[in-house]
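# Structural features, examined
This is what each chain is made of:
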Amino acid sequence: MQELTYIRCGDYYIPDIRLAEENRPVGRWGRIHRDYIKEHNPIRFNDLCLNGKLWTYLADLNEQAQKRLEVIIGQMKAAEGVTEEMKAADQMAWVRTMNNIRNRAEEIIKNELLYS
C-alpha cells in the first residue's frame, strides 16, 4: 500500500495526490474516441478520468488504431493491385485509388475500434 503524504496550505493539510505520468501522444484516434465516450458513455469517461487511466487508455487505443489502419491499407492495396508500377504509369489514378483505400480503411477503424 502506498503511503499518503500531505501538503500544508495555510492552516489545512491537503493530500499530495498525483496522477501517473504518460508521455505517449493521444493522437487523432484517441481524440475521436475521447469525444465519443464523453458524449455517449459519460459514466465510463468519468470513471477513466477519476482513476487517472484516461490518457493511457486513449494512447493505447491510438496505437492499436494506427497499426490496424496500416494493415488494412496494405491488404486493400494488395487486393486491388495498387503497385509502384501503377504509380509510375498514372500518378493521378494512383492518388485517387489510394485516397479511396485510405477513406474506406478509416471508416473501418471508426466502426471497429472507436464507435463500439
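Computed from a predicted structure; not experimentally measured. (Residues numbered from 1 in each chain as written. Predicted model: local features only at pLDDT ≥ 70, side-chain atom pairs only at ≥ 80, totals over all residues. Heavy atoms only, no water.)

Turning our attention to the overall build of the protein. Along the protein, the regular secondary structure elements total five helices and two strands. When its helices and strands are written in sequence order, the protein yields β-β-α-α-α-α-α. Radius of gyration (C-alpha) of the protein: 22 Å, far over the 13 Å computed for a compact globule of 116 residues. When the backbone C-alpha atoms are referred to their principal axes, the protein occupies close to 75 × 25 × 25 Å. Counting over 116 residues, the protein shows a buried share of 25%. A separation threshold of at least 6 residues defines the contact pool for the protein, and within that pool the share at least 24 residues apart is 66%. (Helix = DSSP H or I, 4+ residues; strand = E, 2+ residues; numbered from the N terminus. Rg over C-alpha atoms; globule rule 2.2 N^0.38 Å. Buried < 20%, exposed > 50% of the residue type's maximum accessible area, 1.4 Å probe, protein only. Contact = heavy atoms within 4.5 Å.)

Core analysis: the biggest nonpolar cluster contains 14 residues, and Trp29, Leu69, Ile73, Met98, Ile101 and Ile109 have the highest contact counts within it. Counting residues per element, the ones that place at least two in this core are helix 3 (54-80) and helix 5 (91-114). The next biggest cluster of nonpolar side chains, apart from the first, holds six residues, and it includes Val26, Ile37, Leu48 and Leu54. (Core = buried A, V, L, I, M, F, W, Y, C linked by side-chain atoms within 4.5 Å.)

The geometry of an aromatic ring pair is captured by two quantities: the separation of the ring centres and the angle between the planes. All told, the structure shown has one aromatic pair when counted by the stated rule. Ring geometry for Tyr36 and Tyr115: centres 5.0 Å apart, planes at 50 degrees, overall tilted. Here Tyr36 is found in helix 1 (residues 27-40), whereas its partner Tyr115 is found in the segment after helix 5, with 79 residues between them in sequence. We classify Tyr36 as partly exposed; its relative accessible area is 23%. Here Arg28 stacks its cationic end above the ring of Trp29, 4.5 Å away from the centre of that ring. The positively charged end of Lys87 is found above the aromatic ring belonging to Trp94, 4.6 Å away from the centroid. (Phe/Tyr/Trp six-rings, centres within 6.5 Å; stacked < 30°, edge-to-face > 60°. Lys NZ or Arg CZ within 6 Å of the ring centre and 35° of its normal.)

Before going further, it helps to spend a moment on the pattern of salt bridges. For the structure shown, the criterion picks out seven salt bridges. When the shortest N-O distance is used, the salt bridge between Arg24 and Asp60 registers 2.7 Å. With Arg24 in the loop between strand 2 (12-15) and helix 1 and Asp60 in helix 3, this residue pair connects regions lying 36 residues apart in the sequence. On the accessibility criterion, Arg24 (24% relative accessible area) is partly exposed. Among the ionic pairs, Glu80 bridges to Arg104, the shortest N-O distance being 2.5 Å. In this pair, Glu80 sits in helix 3 while Arg104 sits in helix 5, placing the two residues 24 residues apart along the sequence. (Salt bridge = Lys/Arg side-chain N within 4 Å of Asp/Glu carboxyl O.)

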